[in-house]
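# Overview (structure and organization)
Here is how the chains run, residue by residue.
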Amino acid sequence: MNLTDDIQLQELKNAFISFYGNSEEKIIFAASPARINIIGEHIDYNGGLVLPASVNLYLRIALRKRRDKKIIYRSVKSEKVFEFELDGNLAFDEEKDYANYLNGMFLFLKERGLKADTGFELLITSDIPQGSGISSSAALELCFGKIISHAFDFEINGVELAKTGRRVENEFLGLKSGIMDQFSIAMGKKNQALLLDTSSLEYEYIPLETEPYRIVIMNSNKPRKLTESKYNERKEECEKALAFLQKEKDINFLCDLSVSDFKKLEQGLASNLGEKFARRVRHCVTEMDRVRRSAEALKNKDLKLLGDYLNQSHLSLKDDYEVTGKELDALFFAAVKEKSCIGARMTGAGFSGCAIAIVHKDGFEDFAERVGKEYTEQTGFTASFFACQASDGVSVISV
Ligand code: GLA
């Protein structure tokens, strides 16, 4: 990507100058993709395998150093301006909205050795729908982490940047999420999916060759805030189940259990902790198995088989893990009825947000129209549809 052929970057530059004026300091730019998760949901905090891909919806930041010690954050989407002092109070503050992601990243990068000797001003623009399950927040963390490191000549690799982003979620914002989103955005590659083992952070790229199908993002357009959702509750349920199962079996994570191990332990788990806990673990264990099989199916370019695993994953997230909700279920059931669709599922944390579907390219228009219509009839919301492509991870853009 470069400035001349990216209209949005050109617009960002113009908006930046109209907000902040001209200066001798150089404006630098960075862009971060969104991510979808093809399969492997809610198991990145259970030592599981996940199969995300970074995709071509972008959050972009323009940043320029200042001569004084002021830090200024603006977004083209909002009138709000956040101002801080370089050595002032950057602690979490509910009122400070998206500035918390930036301040968290800034503080944790400073802990790792980033040295900022001047203030800076920045402007954000994004076409990643916010709070929709395709990682608008990880995109913000990583894009800022990348650009601020570049601005102050701080060397940090993608994996460490991803870990820092996760720390912001876990320790600054209080969301006990896994590393999938940040890792995928930091390490994503064009036309590739990323198979990540969250217990070891070992990973491999798998070509995402879907011809003649497209991966369609279906946005329920019912946003949610994860910090207010049942996300942390699910994590706590898993921790409780793990503590119980560790008395029976030598495991570090729920995803260390095989499906057959689980079947032997299921009864005991249900009678001691309750049937709900057995369902939560069943999801984790079966999802892990589906990710392994899905990775093989993708390697063999067997998209129909991959589509079957996607469907199974959605149903498991609906019935066993209970994170889909009315809107995502409506999208799923409407999508899988369509002839052009060979598989669908919610993606990301769930509780509304986005789903994905594998759809024949010739049927895309029809698919969007029919699924959209049925979805609106059932929920009253208007969905949007976007055929995405796997794209490179976060980067500073040379202009
Ligand atoms: C959110 C979290 C991820 C992951 C997914 C569910 O996106 O940030 O770490 O747990 O939900 O798979």
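Residues numbered from 1 in each chain as written. Predicted model: local features only at pLDDT ≥ 70, side-chain atom pairs only at ≥ 80, totals over all residues. Heavy atoms only, no water.

## Some points on the side chain of Thr118
One can find Thr118 in the loop between helix H2 (99–111) and strand S5 (120–126). Contacts of Thr118, omitting those with residues within four sequence positions, involve Lys65, Arg66, Asp68, Leu86 and Phe152. (Helix = DSSP H or I, 4+ residues; strand = E, 2+ residues; numbered from the N terminus. Contact = heavy atoms within 4.5 Å.)

## Topic: the domain arrangement of the chain
Split into domains, the chain comes out as domain 1 (3–207 + 392–397) and domain 2 (213–388). Between the C-alpha centres of domain 1 and domain 2 the distance comes to 26 Å. The partner domain 2 presents 44 residues to the 39 residues of domain 1 that form the contact. Taken together, the two surfaces of domain 1 and domain 2 that pack against each other cover about 3300 Å², and 68% of this comes from carbon and sulfur. (Domains from an automatic or database assignment. Buried area = accessible area lost by both parts, 1.4 Å probe.)

## So, the layout of surface pockets
In this model, the largest pocket occupies a volume close to 1000 Å³. Lining the largest pocket are 46 residues, and of these Tyr101, Gln130, Gly131, Ser136 and Ser137 sit closest to its centre. Listing elements by their share of the lining of the largest pocket, those giving two or more residues are H2, S5, helix H3 (136–151), helix H4 (158–173) and helix H5 (180–187). It is H3 that provides the largest number of residues to the lining of the largest pocket, a total of four residues. Of the residues belonging to the lining of the largest pocket, the class tally is 17 nonpolar, 18 polar and eleven charged. Taken domain by domain, the lining of the largest pocket gets at least three of its residues from each of domain 1 (3–207 + 392–397) and domain 2 (213–388). (1 Å grid on protein atoms, 1.4 Å probe; cavity = no way out; pocket = protein on both sides within 12 Å on 5 of 7 lines; lining within 4 Å. Points joined across faces, edges and corners; volume = space filled by probe spheres on them. Nonpolar A, V, L, I, M, F, W, Y, C, P; charged D, E, K, R; others polar.)

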